[in-house]
Amino acid sequence: MLQTVSEPRTIGAAQLAAYRFMLRARLLDDKFAALYRAGKIHGGVFLGRGQEALSAAIGVSLKKTDVFAPLIRDAAGRLAFGETILDAVRTYLGSALGPMRGRDGNVHRGRPQDGCLPMISHLGAMISVVNGVLFARRMKGVTGLVGAACLGEGATSTGSFHEALNQAAVEKLPLVLVVANNQYAYSTPNDRQFACADLADKAVGYGVEAHSVVGNDLAACLDVVSHAVARARAGHGPQLIVANLLRLCGHGEHDDAGYIVPELKNSPLGRDCLKLAEEFLLQEKIADRAQLAVWRSEAIREIEDAVAQVQREPLPDPFAENWTALSTENLAEGRE
Amino acid sequence: MLQTVSEPRTIGAAQLAAYRFMLRARLLDDKFAALYRAGKIHGGVFLGRGQEALSAAIGVSLKKTDVFAPLIRDAAGRLAFGETILDAVRTYLGSALGPMRGRDGNVHRGRPQDGCLPMISHLGAMISVVNGVLFARRMKGVTGLVGAACLGEGATSTGSFHEALNQAAVEKLPLVLVVANNQYAYSTPNDRQFACADLADKAVGYGVEAHSVVGNDLAACLDVVSHAVARARAGHGPQLIVANLLRLCGHGEHDDAGYIVPELKNSPLGRDCLKLAEEFLLQEKIADRAQLAVWRSEAIREIEDAVAQVQREPLPDPFAENWTALSTENLAEGRE
Amino acid sequence: MSITYLEAIREAQARALREDPRVFIYGQDVGAFGGAFKATKNLQKEFPGRVLDAPISEDAIVGLAVGAAIEGLRPIIEMQFADFSTVGFNQIVNQAATLFWRTQVVCPITVRLPFGGTSGSGPFHSQCIEAIYAHYPGVIVVTPATVEDAYSMLLAAVATNDPVIFCEHKFLYYHLKAEKLPSEALPIGKARIAREGRDLTIVTYSAMVHEALAAATELATEGWEIEVVDLRSVKPLDTDTIIASVARTGRLLCVGEAWPWGGVTAEVIARVTAEGYGLLDAPPQRLNAKDTPVPYHPNLWAAHRPTSRSVAAAARNLLRT
Amino acid sequence: MSITYLEAIREAQARALREDPRVFIYGQDVGAFGGAFKATKNLQKEFPGRVLDAPISEDAIVGLAVGAAIEGLRPIIEMQFADFSTVGFNQIVNQAATLFWRTQVVCPITVRLPFGGTSGSGPFHSQCIEAIYAHYPGVIVVTPATVEDAYSMLLAAVATNDPVIFCEHKFLYYHLKAEKLPSEALPIGKARIAREGRDLTIVTYSAMVHEALAAATELATEGWEIEVVDLRSVKPLDTDTIIASVARTGRLLCVGEAWPWGGVTAEVIARVTAEGYGLLDAPPQRLNAKDTPVPYHPNLWAAHRPTSRSVAAAARNLLRT
Ligand SMILES: Cc1ncc(C[n+]2csc(CCOP(=O)(O)OP(=O)(O)O)c2C)c(N)n1
Ligand SMILES: Cc1ncc(C[n+]2csc(CCOP(=O)(O)OP(=O)(O)O)c2C)c(N)n1
Ligand SMILES: [Mg+2]
Ligand SMILES: [Mg+2]
């Protein structure tokens, strides 16, 4: 395993930019939670609370021409990669104008044509799809790009994870696989999920480079993720990043997470990455409290505007719906 | 990874016993190959040529109360574990009296009630079944046993392998997973199969102990396998054994293995484990040439007798066949 | 006291664990948490060491169950959603389903599949995939539609010496209630006349039984007497009960929540027309979900699957032919 | 010159590679070795970098194909045997099959499944699993029965903007021969009248077309004129051609090599009885394989699947009703 030590923190643009994505993601998640409690959202609401630093670090480390497969806790990474708040709100509220047009919802949004792959629910299944995009671009002669796929530690137990990481290693694809080890898969603690000392230890068995990072430390996440992305971009093959952190919410908003043990909540992992980032910005005088308040209220307004707009948008109409799963319409069956 | 160094070779009973299983397996395989060429066998014939030392070492290291999931190249391990030549011949010739009664054939034989699991073809699929047997015995309070599962290096790319090894690690089951790295999966060379330096490097990522061994060295195989089996039996959790060797035949008897590169054939890996074992026995004066010849002709006679007997046995009769896949006959459909 | 469909499933498991030391439960989050739907609530506490959280490894989960079954245990596997059983599919259809036939060693495993559509659940948490299992030899596929059947059929599944795919409908979990648990029950393989009638037979199963019953109530106000047959198990299929009903009514409508190509409704019609052709006074008809993934938005979802309204409309059409 | 079914598959791939730079082939041993059945023989040499050996990772193989399709390529995946596609199943039915519907981005992948029974191949190298794919929305499932169709339908599959499951029958690989490759062909979705007749229609597909034709020849000596419809694609199903044939003959026998529960034969009968009920002079009948895994021994295998003899017997029975 490659030892990646955080370089001395560089105060500056990257952290500030990442922080603002984190903030917007947190507020957006908060809004979805509120809408959920108000009964305004269909289906599950999955939040990234506590994981925004890692997620934002991925998003800001990617170029718009890269490919990104976010998972359920990646609102921050999505925004940083270029997804609009409107896309998120439209999907959560089922707007007919959203990217999924009411066919799929909530965290299952994306725009493959823009490099943002919409997850299917089966854990681990997106990684090999990212491989395929990278493989195809190489075949077409496009170089210098990377693909990032996000995962929880629980998903490392899937066969799909294994097959895809091995495939990327064999093909030497520029895959950056980011595992957010938030200590639980739904309610399942790590000791029922895996038995290795550190998930980063898996890398050597695939012949890929590994990086560990403290997941609620924004500076460290930026360092490590951008370094891994650079390694992949430079042709060093797949990179496995394992971030240690804690989910500061339920698995979904239906879940009170009563199973998370106090020792973890009270440990350094339990500290909120957003608060830590704010403290850092204040301490380093990159921003003052007034500035933070302005950004917060700007973000809230943007989100509220989006919600207000989307609530006026048309909902999907079953009569206008094209009831076929095929693009080759003349081969579709059973339309009326 | 645990470093397992071969102890100074102990001349004696274990090697001799293992050698005789290797010899019988080789001669049995030769007979099946001859029967195949004569058009007397239905379906594929897969041989263990070059892998007998490893396979026999597994079989002799197990107790009859252990569980064993051999794969396609494990005639030697099967015999050593207690499978009869008659079971093998009956399955290859489709005898109605064989353990599979003509329903399944050739390498797919076994007797689960005796701890020998009949493989399904899907690679990697038997490992978690071994886990289940071990898990059940522990639940029933039976202790001190182990389960061995055999695999080729190609099968380490399957999701099933990964899920099952991780499962065994989480449950701390006494699983001994033996990977015969024979450099090819059918025609596919290792560089198209995996990218790690050594498959034993996978162990640390699962939190299990690993052992490497030169697979055509019988003494080394006996040392390493019996050591790993003892570790599992003593409660140290799953053991991963990776043996380096070369398949000295085609993938199946239909295949001339023209893809195996001369460098490998001419390397130390290309040396025949049976010849090496014989040389050792002769050199150490454990047996002389006359004795070897006797054992050989005894084994040949045993095999020929079995073939002659089975050729007189009834073949499966579709009219006598019970055409249902369910044991609960009153819930079976479509019987006539 | 009243008990829900979901509670009945919990109670059946509690009873199986209590009465048979060979039973254990294995699946994601089934332990202290009690399962994603709480179908195993408190069971780990009540039966220590016999209700175990599994890693996210559906293939290995089923494989382990088969191994345990070989050793004489009777595992109950909970898939978190039926939809995720596709990654454990191979171990079900090729390992579990072939074991007895190949070796004469029985494979008494029960795979619980929380399945079927609920509002807002979308393409990957709503699927009805009973047909892909029923197509394979070597498995029994049951689809209880009532609280009583959820209880008794789960007990029967655990007692059966073959792999049983237990399709429990998530739509029925909370709002379907009964006064008490049954003390006796029809065996697996027998269909049930859920409502008697003489003008038309609706053959259906699982959540659609309730849509069919609602449609029958609606049509009763128009003077039609609709018979509703609840299949209970889709493999084996109780062809005799279906044909006897069609013999009474002369008209057959098959309703399923699954996709239209193949599946239960096609199989029922193929059997009835082969064996009871002369009994039909009109062409047998089917009503299934539409041939697209299950849509997320309730507006689309309500149009994707059959409902009492569309069942009633299909029945009316058929009554007029 | 004569060309086999297998060679036609190779030639179609060679042509697709030649004419369309977006095409590539990915699968176990398809490279220098030319594939387990030699369906990609010499293609890696001819098209360097575009014919690649895959690890034994069916899930990741299909996943990679979907990603490549998103990028506009047209992957051809070879599964070594159809039976092993069960471990790539999820990526086919939940990833590939939903992509277009969810995102409007097309998913032009072709998954070649060497399928069907051959003597001695046993339970895990013989399966006919077209129905489990056809049950899902979002895929096209084709089953060529002739050398010409193997060639033209594979080219059509690669040209189609949706996932195509290409079921190529191993029993036909070597001994089915044609004089030359076709220059034109029926499109996917159209069935073919393989033999004309007026007494009874046999609807079938893939290897069973040849059993049906042999049965028809045998029955001709008894004075019966049997029409044989070769479905060519099982999803979509060409209901119009089937119904037109039944309209001519009045009798329908559906023959499939797959297991009896659900599947193609049930679907065909459900459609014909719903839409063409009045055309039938006798109950439609089915003939499938038996409901057990596919047995290894030739004695059992020959009794497990339909053959010309059992097809002729079923047809005779039906002609007498
Ligand atoms: C193959 C599969 N099995 C089960 C599930 C159900 N499921 C959804 S999320 C989840 C837990 C995921 O845990 P982890 O990967 O650690 O991610 P986290 O939620 O902690 O971010 C499970 C079991 C699934 N989506 N896919
Ligand atoms: C899941 C699955 N995919 C494909 C195959 C087809 N197949 C049978 S043996 C084989 C090669 C196995 O190679 P390896 O695991 O190295 O074992 P070896 O034959 O070298 O002993 C393949 C690809 C299979 N049996 N199972
Ligand atoms: Mg987690
Ligand atoms: Mg190998």
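About the thresholds
- Residues numbered from 1 in each chain as written.
- Chains lettered and ligands numbered in written order.
- Predicted model: local features only at pLDDT ≥ 70, side-chain atom pairs only at ≥ 80, totals over all residues.
- Heavy atoms only, no water.
- Pairing = 2+ DSSP bridges.
- Helix = DSSP H or I, 4+ residues; strand = E, 2+ residues; numbered from the N terminus.
- Axes fitted to C-alpha atoms, helices over the stretch in contact; angles between N-to-C directions.
- Domains from an automatic or database assignment.
- Contact = heavy atoms within 4.5 Å.
- Buried area = accessible area lost by both parts, 1.4 Å probe.
- Salt bridge = Lys/Arg side-chain N within 4 Å of Asp/Glu carboxyl O.
- Polar contact = N/O pair within 3.5 Å; in protein donor to acceptor, adjacent residues only side chain to side chain.
- Donors = N, O, S within 2.8 Å, 3.2 Å for Na, K, Ca; no water.
- Tetrahedral: all angles 85-135°; square planar, octahedral: opposite > 155°, others 65-115°.
- Buried < 20%, exposed > 50% of the residue type's maximum accessible area, 1.4 Å probe, protein only.
- Expected span 1.5 Å × (residues − 1).
- Near = heavy atom within 4 Å.
- Areas by Shrake-Rupley, 256 points an atom, 1.4 Å probe, with all protein chains shown as cover.
- Nonpolar A, V, L, I, M, F, W, Y, C, P; charged D, E, K, R; others polar.
- Least-squares fit on C-alpha atoms with pLDDT ≥ 70 in both.

Now for the sheet that holds strand S10 (residues 200–204) of chain C. Residue and element names in this part refer to chain C. The strand order across the open sheet formed by 5 strands is S9-S11-S10-S13-S14, and the pairing between neighbours is mixed. The open sheet terminates on both sides in strands that have one partner only, identified here as strand S9 (192–195) and strand S14 (285–287). The average angle at which neighbouring strand axes cross in this sheet is 25 degrees, direction not considered. Across 3 bridges, S9 lies against strand S11 (residues 226–230) in antiparallel orientation. Of the residues in S11, the one forming a bridge with arginine 195 is valine 228.

Residues and elements named next belong to chain C. Under the domain assignment used here, chain C contains domain 1 (3–178) and domain 2 (192–320). For domain 1 and domain 2, the distance between their C-alpha centres works out to 26 Å. Between domain 1 and domain 2, the residue contacts involve 33 residues of the former and 25 residues of the latter. Across the domain 1 to domain 2 interface the summed buried area is about 2100 Å²; carbon plus sulfur atoms make up 61%. Put simply, domain 1 and domain 2 have 1 salt bridge between them. The partner of aspartate 149 in a salt bridge is arginine 232, and the shortest N-O contact between them spans 2.8 Å. The tally of links between domain 1 and domain 2 comes to 11 residue pairs in polar contact (both at pLDDT 80 or more). For the side of domain 1 that touches domain 2, the secondary structure elements donating two or more residues are helix H5 (130–134), strand S6 (140–142) and helix H6 (147–159).

A separate point is the coordination of the magnesium ion (ligand 4). Residues and elements named next belong to chain B. Taken together, the protein donors to the magnesium ion (ligand 4) comprise Glu153 (OE), Glu153 (OE), Asn182 (OD1) and Tyr184 (O), at separations of 2.0 to 2.7 Å. Each of the 6 donor atoms bound to the magnesium ion (ligand 4) contributes to angles spanning 53 to 173 degrees, and the resulting shape is irregular. Sequence spacing among the residues donating to the magnesium ion (ligand 4) works out to E-x28-N-x1-Y. Taken together, the residues glutamate 153 in the loop between strand S2 (147–152) and helix H6 (159–171) and asparagine 182 in the loop between strand S3 (175–181) and strand S4 (184–185) connect sequence positions 29 residues apart. With respect to burial, glutamate 153 and asparagine 182 carry one shared label: buried.

We now examine the coordination of the magnesium ion (ligand 3). Residues and elements named next belong to chain A. Protein-derived coordination of the magnesium ion (ligand 3) comes from Glu153 (OE), Glu153 (OE), Asn182 (OD1) and Tyr184 (O), at a distance range of 2.0 to 2.6 Å. Metal-centred angles of 53 to 171 degrees between the 6 donor atoms at the magnesium ion (ligand 3) mark the site as irregular. As a motif over one chain, the donors of the magnesium ion (ligand 3) read E-x28-N-x1-Y.

Structural remark: α-helix, 3.6 residues per turn; residues separated by three or four positions point the same way. Counted at 1.5 Å a residue, the expected span for helix H1 (residues 5–19) of chain D with its 15 residues is 21 Å, and the 21 Å between its end C-alpha atoms agrees. Turning to H1(D), its buried residues number three or more, namely Tyr5(D), Leu6(D), Ala8(D), Ile9(D), Arg10(D), Ala12(D), Gln13(D), Ala14(D), Ala16(D) and Leu17(D).

A few words now on the site of ligand 1. Taken together, 20 residues lie around ligand 1, and Arg73(A), Ser121(A), Asn182(A), Tyr184(A) and Glu58(C) are the ones closest in. The residues that come close to ligand 1 belong to more than one chain, namely chains A and C. In the model, a nitrogen atom of ligand 1 is placed 2.8 Å from a nitrogen or oxygen of the Ser121(A) main chain. Between ligand 1 and Ala155(A), the relevant distance is 3.0 Å, taken from an oxygen atom to a main-chain nitrogen or oxygen of the residue. About the coverage of ligand 1: the protein hides 94% of its 580 Å² of free accessible area. Its residues assigned to classes, the shell around ligand 1 shows 9 nonpolar, 8 polar and 3 charged.

Turning next to the interface of chain D and chain C. Contacts between chain D and chain C engage 50 residues on the former and 50 residues on the latter. Between chain D and chain C lies a buried interface of about 4400 Å² when both sides are counted; carbon and sulfur atoms form 66% of it. It is His135(D), Trp261(D) and Tyr277(D) in chain D that bury the most area against chain C; as a group they hold 22% of the surface buried on that side. Across the chain D-chain C interface, the total number found is 4 salt bridges. For Lys235(C), the salt bridge goes to Asp291(D), with nearest N and O atoms at 3.1 Å. If you look at where chain D meets chain C, you find 14 residue pairs in polar contact (both at pLDDT 80 or more). Contributions of two or more residues to the side of chain D that touches chain C are made by helix H4 (89–103), helix H5 (130–134), strand S12 (233–235), helix H9 (263–275) and strand S14 (285–287) of chain D.

Turning our attention to the sheet that holds strand S1 (residues 67–69) of chain B. Residues and elements named next belong to chain B. Reading across from one edge, S1-S2-S3-S7-S6 is the order of the 5 strands in this open sheet, with parallel pairing throughout. Each edge of the sheet is formed by a strand with only one pairing partner; in this case those strands are S1 and strand S6 (209–214). The mean angle between the axes of side-by-side strands here comes to 15 degrees, regardless of whether they run parallel or antiparallel. Strand direction decides the pairing type here: S3 and strand S7 (residues 239–244), joined by 6 bridges, are parallel. Opposite alanine 180, over in S7, you have alanine 243 as the bridge partner. Strands S1, S2 and S3 of the sheet are contacted by helix H5 (residues 127–139), whose axis makes an angle of about 175 degrees with S2. Its contacts with the sheet put helix H8 (residues 218–233) on S3, S6 and S7, and the angle it makes with S6 is roughly 165 degrees.

With that settled, consider the site of ligand 2. In the region of ligand 2, 20 residues are neighbours, and Arg73(B), Gly154(B), Asn182(B), Tyr184(B) and Glu58(D) sit closest. Tyr184(B) is positioned such that a nitrogen or oxygen atom in its backbone is 2.8 Å from an oxygen atom of ligand 2. In this structure, a nitrogen atom belonging to ligand 2 sits 3.3 Å away from a side-chain N or O atom of Gln80(D). When isolated, ligand 2 has an accessible area of 580 Å², and the protein chains bury 94% of it. Here the residues of the shell around ligand 2 are counted per class, giving 9 nonpolar, 8 polar and 3 charged.

Its rotation angle being 180 degrees, the transformation that places chain D on chain C also includes 0.0 Å of axial translation and leaves an RMSD of 0.0 Å. Such a combination of turn and shift is consistent with a two-fold rotation axis. Residue by residue, 100% of the interface of chain D is reproduced at the interface of chain C, so both copies engage with the same surface.

With that settled, consider the interface of chain D and chain B. Taken residue by residue, the interface counts 33 residues in chain D and 39 residues in chain B. In total, chain D and chain B occlude about 2800 Å² of area from one another, counting both sides; carbon and sulfur atoms represent 62% of this. Three residues, Ile56(D), Tyr296(D) and Leu300(D), lead the burial of chain D against chain B; their summed loss comes to 26% of the area buried on that side. Along the contact surface separating chain D from chain B lie 0 salt bridges. Where chain D packs against chain B, one counts 14 residue pairs in polar contact (both at pLDDT 80 or more). Elements with a contribution of two residues or more to the side of chain D that touches chain B: strand S3 (51–53) and helix H10 (298–304) of chain D. Sort the elements by how many residues they give to the side of chain D that touches chain B and H10(D) lands first, with 5 residues. Looking at the side of chain D that touches chain B residue by residue, the classes come out as 18 nonpolar, 10 polar and 5 charged.

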